[in-house]
Amino acid sequence: VKARFNREVAHAYSQDDPLWLPEYSEALSLLIDSIGANLPQDPRFLDLGAGTGNLSRRLLERFPASHVTLMDFSENMLREARNVLSGFHGRHEVVNQDFLRASFPNSTYHAVVSSFAIHHARGVGEYSDLYRRIRQCLEPKGVFSCCDVVEGGNPHWNRINENGWKDYLSKYFSDEKIEKVFSNYRSEDSPLSLSEHLVCLTEAGFDHVDVLWKKLNFAIYCGNIA
Ligand SMILES: C[S@@+](CC[C@H](N)C(=O)[O-])C[C@H]1O[C@@H](n2cnc3c(N)ncnc32)[C@H](O)[C@@H]1O
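These numbers come from a predicted model, not from an experiment. (Residues numbered from 1 in each chain as written. Predicted model: local features only at pLDDT ≥ 70, side-chain atom pairs only at ≥ 80, totals over all residues. Heavy atoms only, no water.)

Asks: Now, about unusual backbone geometry: what can you tell me, with residues and values included?
Replies: Most of the time, phi is negative for any residue but glycine, and the peptide bond is trans. With phi around 60°, Glu23 is a residue other than glycine that occupies positive phi space. We classify Glu23 as partly exposed; its relative accessible area is 33%. Positive phi, close to 65°, is recorded for Lys141, a residue that is not glycine. Mapped onto the fold, Lys141 is located in strand β5 (residues 138-149). (Buried < 20%, exposed > 50% of the residue type's maximum accessible area, 1.4 Å probe, protein only. Helix = DSSP H or I, 4+ residues; strand = E, 2+ residues; numbered from the N terminus.)

In C-alpha cells, the structure reads:
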C-alpha cells in the first residue's frame, strides 16, 4: 500500500471532488459537521492517512483557530500536503508514520478523523487495536469520525454495493481504468462491515456510535465520548 501511494501522482488526490468516489465533497463536509458539537475555540485534530491534505484543509478552513496533525506513511503524499497547506502557517504538522503501528499521545486531540485510509487495516484485531489507541488519544468529549469504504452486511448486499460503485465509475472512466480501481481495491483493501465497526468502537470505549451517511460501499461512521 505504501509503495503504491509513493508511486501515485499525488495531484490526483488534491482535486476538489475525486471522481472515483460518489459525493466526495458532500461526505467530507458532513464528516466535519459530525465533530462540531463540543469543540473548544482552538481544537486539536489528528487526520489519519491524511494523504495530500484534502480533509485537513477543510478542517483548517472550517475551524479558523484549529491545529491539525496529518499522519501518513507516504512521503510522496505528505510532500504535496505541505504545498496544499502552505497558506495555514503554524496550524499544522506533518508526521510520517504508519497509523497501524504508531503510538498516539494520551488525551491530546478533540477529534480524530480519517477519510478513505483506515480500510487498509487487516482484520477485526487491527481495527480494534487502532480504535483503542484513538480512544485513548482523545480529550474528554472527544470524537472520532471516519468516511471510508465498508463491506456489505452479507455477500448479496456487498455485490449490490460494488455493482453500484462500478455503474457510478462507468460514467467517468474506461473499462480498463475501472478494472485497475477494482484490482487495487481487491488486493489492498479489507474493509469491515458497518456493524463490525460499531461493535469495535463500542468495545474500544466509545459511549455513542453511529452511522451518519451511506452510499453504496461508502459510509461515514463515528463514535464519541460522553
Ligand atoms: C486514498 S488516500 C486518501 C487520502 C486523504 N485522506 C483523502 O481523502 O484524500 C489514502 C492515504 O492513506 C495513507 N495510508 C494508508 N495506510 C496507512 C497507514 N497504515 N499509515 C499511514 N498512512 C496510511 C496512504 O499513504 C494514502 O495517502
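Read on, since the account is not over.
Asks: Residues and numbers for the pattern of salt bridges, please.
Replies: Applying the stated criterion across every chain, the model contains eight salt bridges. The shortest N-O distance in the salt bridge between Arg57 and Glu61 comes to 3.8 Å. One end of the pair, Arg57, and the other, Glu61, are both in helix α3 (residues 54-62), four residues apart, so they sit about a helical turn from each other. What makes Arg57 buried here is its relative accessible area of 16%. Glu162 is the partner of Arg186 in a salt bridge, and the nearest nitrogen-oxygen pair spans 3.3 Å. Separated by 24 residues along the polypeptide, Arg186 in helix α7 (residues 175-188) and Glu162 in helix α6 (residues 155-170) bring together distant segments of the chain. Arg186 gets classed as exposed once you look at its relative accessible area, which sits at 52%. Residue class for Glu162 comes out buried when judged on its relative accessible area of 10%. (Salt bridge = Lys/Arg side-chain N within 4 Å of Asp/Glu carboxyl O.)

Asks: If you had to explain the state of the cysteines to someone new, which residues and values would you point to?
Replies: Applying the stated rule across the entire model yields zero disulfides. Just so you know, Cys147 is unpaired, no disulfide at all, and the nearest cysteine sulfur is the one on Cys146, 7.1 Å from it. (Disulfide = S-S within 2.5 Å.)

Asks: Summarise the pairing of strand β7 (residues 218-224); cite the residues concerned and give the values.
Replies: Most of β7 sits out of view: six of its seven residues are buried. Looking at chain direction, β5 and β7 are connected through seven bridges and run antiparallel. Residue pairing for β7: Val143 is matched across the bridge by Asn224. In terms of strand pairing, strand β6 (residues 208-215) meets β7 through seven bridges, oriented antiparallel. (Pairing = 2+ DSSP bridges.)

Asks: Could you give an account of the sheet that holds strand β1 (residues 44-48), with specific residues and numbers?
Replies: Ordered by their spatial adjacency, seven strands build an open sheet running β3-β2-β1-β4-β5-β7-β6, and the pairing between neighbours is mixed. If you trace the sheet from one side to the other, it starts and ends with β3 (92-96) and β6, each paired once. Here the strands of the sheet are splayed against their neighbours by 15° on average, with no regard to which way each runs. Along the sheet, helix α4 (residues 75-84) makes contact with β2 (67-72) and β3, crossing β3 at roughly 170°. (Axes fitted to C-alpha atoms, helices over the stretch in contact; angles between N-to-C directions. Contact = heavy atoms within 4.5 Å.)

Asks: Just give me the short version of the site of the ligand, but keep the residues and values in it.
Replies: Around the ligand, the structure places 19 residues, and the nearest of them are Gly49, Asn54, Asp72, Asp98 and Ser115. In this structure, Tyr24 approaches the ligand through a side-chain N or O atom, which is 3.0 Å from an oxygen atom. Here a nitrogen atom of the ligand and a backbone polar atom of Phe73 are 3.2 Å apart. Protein burial of the ligand: of its 600 Å² of free accessible surface, 97% is covered by the chains. (Near = heavy atom within 4 Å. Polar contact = N/O pair within 3.5 Å; in protein donor to acceptor, adjacent residues only side chain to side chain. Areas by Shrake-Rupley, 256 points an atom, 1.4 Å probe, with all protein chains shown as cover.)

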